[in-house]
Amino acid sequence: MSETAMELVNVQKTIGNKEIIRGLSFEIYKGEVFGFIGPNGAGKTTTIRMMVGLMGLSDGDVQILGNSIHSDYKAAIQEVGAIVENPEMYPFMTGKQNLMHYARMMPGVTKERIREVIALVGLEKPINDKAGKYSLGMRQRLGIAQALLHEPSVLILDEPTNGLDPAGIREIRRYIRKLAEEENVAVIISSHLLSEIEQMCDRIGLIKNGEMIAIQDVDATTAETTTVGVEIEAAPVNQAAEVLNKEYGINATINNERLSLHVERETIPKVVQTLVGYNVQIYQVTMVKSTLEDKFFDLIGENTIE
């Protein structure tokens, strides 16, 4: 069992008469990347702000390595590094000068630690260039380095790939995985890019209307269903659709001479044999992997994401 880095215990937030967060309880483990997703207004940003101490809780608790943000705020919060919005840097300073400036605000950060985080995020070459000349991806990496200076157990990143090009996104994804696997840091990522969450995270939590409606392993997002998506290229396609409806009660959709349907995986050979038996020509059979996006919309039932 992995060690718990952060635990939310019945966290609630009420503003005025409106209940924003309704009893969130979940754990995040050391060495994992946890994706936090939800539709607009779900309470994702509010929860993150409470996690990092930028907003008070109406009820419940956040515990970081067993320390409560209520009873031992200083001990709890010193285990957290975060980029809640875009990292702010002094553009007239070099990357290294920025890190040294922030290091002076935190006790115990050595020059050796500064060198370590520079190497960890791969900024050895441009670290002596002025931060104002950095690309967006380099600024994100410098921000992550800054958040890691005090060796936190938990790193919280709000939209870490926002505004990056595909190369920059891949870069940040690689460093985040490296942090979790090599530094044993618990990384919490809020993002609206579901494809990135799917590639980057070990588990995801889906929040809706201030409540956590699902937490599961990313690899298991499709495992719990016994049916699979299948596309069959067949001719005549209309006859094929009629056969499937007659023999199996399957209502397949037709798109560009292809049938799209959901069946039990074990049924696929039988379906193909049946179609061939009715003199339908089969040119291709493709299994379609269900994505995190599919799962998200199944659970949320909306088309907007925060």
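This is a predicted model, so every value here is computed, not measured.

A.B. asks: Can you help me understand the sheet that holds strand β1 (residues 4–15) in this one?
C.D. replies: Whenever strands of a sheet pair, they do so through backbone hydrogen bonds, lying parallel or antiparallel. The strand order across the open sheet formed by 4 strands is β2-β1-β4-β5, and the pairing between neighbours is antiparallel. If you trace the sheet from one side to the other, it starts and ends with β2 (18–29) and β5 (67–68), each paired once. Taken together, the 2 bridges between strand β4 (residues 59–64) and β5 define a ladder with antiparallel strand orientation. Bridge pairing in β5 links Q63 to S68.

A.B. asks: Please clarify how the packing of aromatic side chains should be interpreted in this entry.
C.D. replies: Given two aromatic rings, their pairing is described by the distance between the two centres and the angle made by the two planes. Under the criterion given, the structure shown has 3 aromatic pairs. Each ring, one from F26 and one from F34, has its centre 5.5 Å from the other, and the planes form 10°; the classification is stacked. Assessed through its relative accessible area of 5%, F26 is described here as buried. Both rings, one in Y90 and one in F92, keep their centres 5.8 Å apart while their planes meet at 55°; by these two values the pair is tilted.

A.B. asks: I would appreciate a short explanation of unusual backbone geometry in the present structure.
C.D. replies: Among all residues except glycine, the phi angle is most often negative; among peptide bonds, the trans geometry is most common. P236 follows A235 through a cis peptide bond whose omega is -5°. Residue placement: P236 occurs in the loop between β11 (227–235) and α8 (237–248). You will see that N209, though not glycine, has its phi angle at about 50°, which is positive. With a phi close to 50°, N256 is a non-glycine residue in the positive phi region. On the secondary structure map, N256 appears in the loop between β12 (253–255) and β13 (258–264). Since its relative accessible area comes to 68%, N256 is described here as exposed.

A.B. asks: Looking at this structure, how should I read helix α6 (residues 166–183)?
C.D. replies: Every α-helix carries 3.6 residues per turn, so stepping three or four residues along brings you back to the same face. Here α6 contains 18 residues, and its C-alpha end-to-end distance of 25 Å stays within 8% of the 26 Å for a straight helix at 1.5 Å per residue. When α6 is considered as a whole, its buried residues turn out to be G168, I169, I172, R173, Y175, I176, R177, L179 and A180. Elements that come into contact with the buried residues of α6 comprise β3 (33–37), α4 (111–120), α5 (136–148), β7 (154–158), β8 (186–190) and α7 (194–200). Of the residues flanking the end of α6, it is N184, one or two places downstream, whose phi is positive at about 60°.

A.B. asks: Just to check I follow, could you spell out the nonpolar core for this structure?
C.D. replies: Nonpolar side chains tend toward joint burial in soluble globular proteins. One finds L99, L142, I144, L149, L155, I176 and V187 to be the most contacted residues of the largest nonpolar core, which totals 43 residues. Residues contacting I176, with those up to four places away along its chain left out, are V33, L157, P160, V187, I189 and M200. With 30 residues, the next largest nonpolar core counts A42, V62, I64 and I77 among its residues.

A.B. asks: Could you clarify how one ought to interpret the side chain of S190 in this entry?
C.D. replies: Within the element layout of this structure, S190 appears in strand β8. Discounting residues that sit within four places of it in the chain, S190 has contacts with F36, K44, I48, L157, D158, E159 and P160.

The rules behind the values
Residues numbered from 1 in each chain as written. Predicted model: local features only at pLDDT ≥ 70, side-chain atom pairs only at ≥ 80, totals over all residues. Heavy atoms only, no water. Pairing = 2+ DSSP bridges. Helix = DSSP H or I, 4+ residues; strand = E, 2+ residues; numbered from the N terminus. Phe/Tyr/Trp six-rings, centres within 6.5 Å; stacked < 30°, edge-to-face > 60°. Buried < 20%, exposed > 50% of the residue type's maximum accessible area, 1.4 Å probe, protein only. Expected span 1.5 Å × (residues − 1). Contact = heavy atoms within 4.5 Å. Core = buried A, V, L, I, M, F, W, Y, C linked by side-chain atoms within 4.5 Å.

Read these as spatial facts, not as claims about activity.
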